[in-house]
Each structure stands twice: as structure tokens, then as C-alpha cells.
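# Working through the structure, step by step
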Amino acid sequence: QGDIIAFDFGVNGGNATVAENGFYDVTVTIDAANDTKTLTYELTKTVEVAARDYSACVLELVGDAVAEQEGAEKDAAWSWGNVYSMGTPSVNGTVYTWEVSNVKLLAAGGFKVRTENAQAQGDIPNFDLGMNGGNATVEADGLYVVKVTIDAATEAKTLEVTPVE
């Protein structure tokens, strides 16, 4: 009985993260003896999980910001603009990097990176990756370098888009 506290527990207002894939026991302690209702947590890794092997995973750019150009074709999976293959990644340990240069992107649209044909590839589930929780965009029509990095040890995915200089 008494007051019930609702909370969304994370780190500095964000989600709690782990350094390695695995299964964890989570212990949450609530100190309700003070006005701040202090919350703490402890993660204890109980089972190791091997990092996924992305070396054969083909990624592609898709969207109405992907201009018509050599190597681009109409999107059959989402019917959203054009598709441009990024191929398979370079590998450094558990870090996989896909990079394409001189891709023509348009400011009037948006795009994402997805697994080829929006399909799972072996034990790699299908995914799409944009920026800031939505589609990626560019400020001006032009040629760009698009780089995707996946750290398979943490499953952290990043997308970088920079103009060709």
C-alpha cells in the first residue's frame, strides 16, 4: 500500500547500455527514504553471446533522396524512390564498415540504410538505419560519402553522411 513510483530508468536520461552482448541479471534498488527517490542498478552478465558475423551482409541505401544514377534502381521492396547497393563490409575485429563514395543524394527527399531487399540475411535480422530516429537527409543536392559502422560486440550502428570534397 502507499505511493507507487513510476519510472523510466536509464543512464543520464537515456537507456542503460552494456559493453558486450550477453544475458544479464538486473538488480534495481530504490531508496525511497529521501525526496529524490534514488534509483540504482547493477548488471551481472550471466551468459556470453557470440558477436554476429556481418561479413556477408549486403546493405543498401533506399529512399526518394537517392537520385537516379549508375548503380541505382527503383525500390521494389518499399516502393520508396531508388535503391543503391553498399555491398559487403570491410572487417576489423568485430567492427564492420560499409562505405560508398560519390553517391548522388537529393535534398528534397529522405533515405535510410537497410539490409538488402529489406530481408534478414542468415542470423542478421532485417533492419533500417536513419538519423536522429528518422530518415536521413542532406542539405543540398550533391555527391556524398555514406558510411555505416556496426560494432557487432555491442550491436551499435552508426550512419555518417558527408559531402565529397
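We now turn to the structure provided with this report. Keep in mind that this is a model prediction, so the values were computed, not measured. (Residues numbered from 1 in each chain as written. Predicted model: local features only at pLDDT ≥ 70, side-chain atom pairs only at ≥ 80, totals over all residues. Heavy atoms only, no water.)

### A few points about the sheet that holds strand E9 (residues 128-129)
Judged by pairing direction, the sheet is antiparallel, and its five strands sit side by side in the order E4-E5-E3-E8-E9 without closing on themselves. Each of the sheet's edge strands pairs with one partner strand only, and the pair in question is strand E4 (72-74) and E9. When strand E3 (residues 59-63) meets strand E8 (residues 112-115), the two strands line up antiparallel, connected through four bridges. Bridge pairing links Val-62 to Lys-112 in E8. (Pairing = 2+ DSSP bridges. Helix = DSSP H or I, 4+ residues; strand = E, 2+ residues; numbered from the N terminus.)

### Regarding the side chain of Thr-115
Along the chain, Thr-115 turns up in strand E8. Assessed through its relative accessible area of 0%, Thr-115 is described here as buried. (Buried < 20%, exposed > 50% of the residue type's maximum accessible area, 1.4 Å probe, protein only.)

### Quick look at the pairing of strand E7 (residues 95-105)
One ladder, built from three bridges, connects strand E6 (residues 90-92) with E7; its direction is antiparallel. By the bridge assignment for E7, Val-91 is matched with Tyr-96. Between E6 and E7, which pair antiparallel in sequence order, lie two residues; one of them, Gly-93, sits at a positive phi of approximately 70°. Pairing of E7 with strand E10 (residues 142-151), which is carried by nine bridges, proceeds in the antiparallel orientation. What sits directly across from Tyr-96, in E10, is Ile-150.

### A word on the environment of Asp-25
For Asp-25, the location among the structural elements is in strand E1 (residues 22-31). A sequence separation of 22 residues divides Asp-25 from Val-47, and the C-alpha atoms of the two residues are 9.6 Å apart. Excluding anything up to four places from it in sequence, Asp-25 contacts Glu-42, Leu-43, Thr-44 and Thr-46. (Contact = heavy atoms within 4.5 Å.)

### Here's the deal with the sheet that holds E7
Read across the sheet, four strands follow the order E6-E7-E10-E11 without closing on themselves; strand pairing throughout is antiparallel. Strands with a single pairing partner mark the edges of an open sheet, and in this sheet they are E6 and strand E11 (156-163). Pairs of neighbouring strands in the sheet enclose a mean axial angle of 20°, with direction left out of account. Relative to E11, E10 is paired through eight bridges, and the arrangement is antiparallel. Across the sheet, the residue bridging to Lys-147 is Glu-160, located in E11. (Axes fitted to C-alpha atoms, helices over the stretch in contact; angles between N-to-C directions.)

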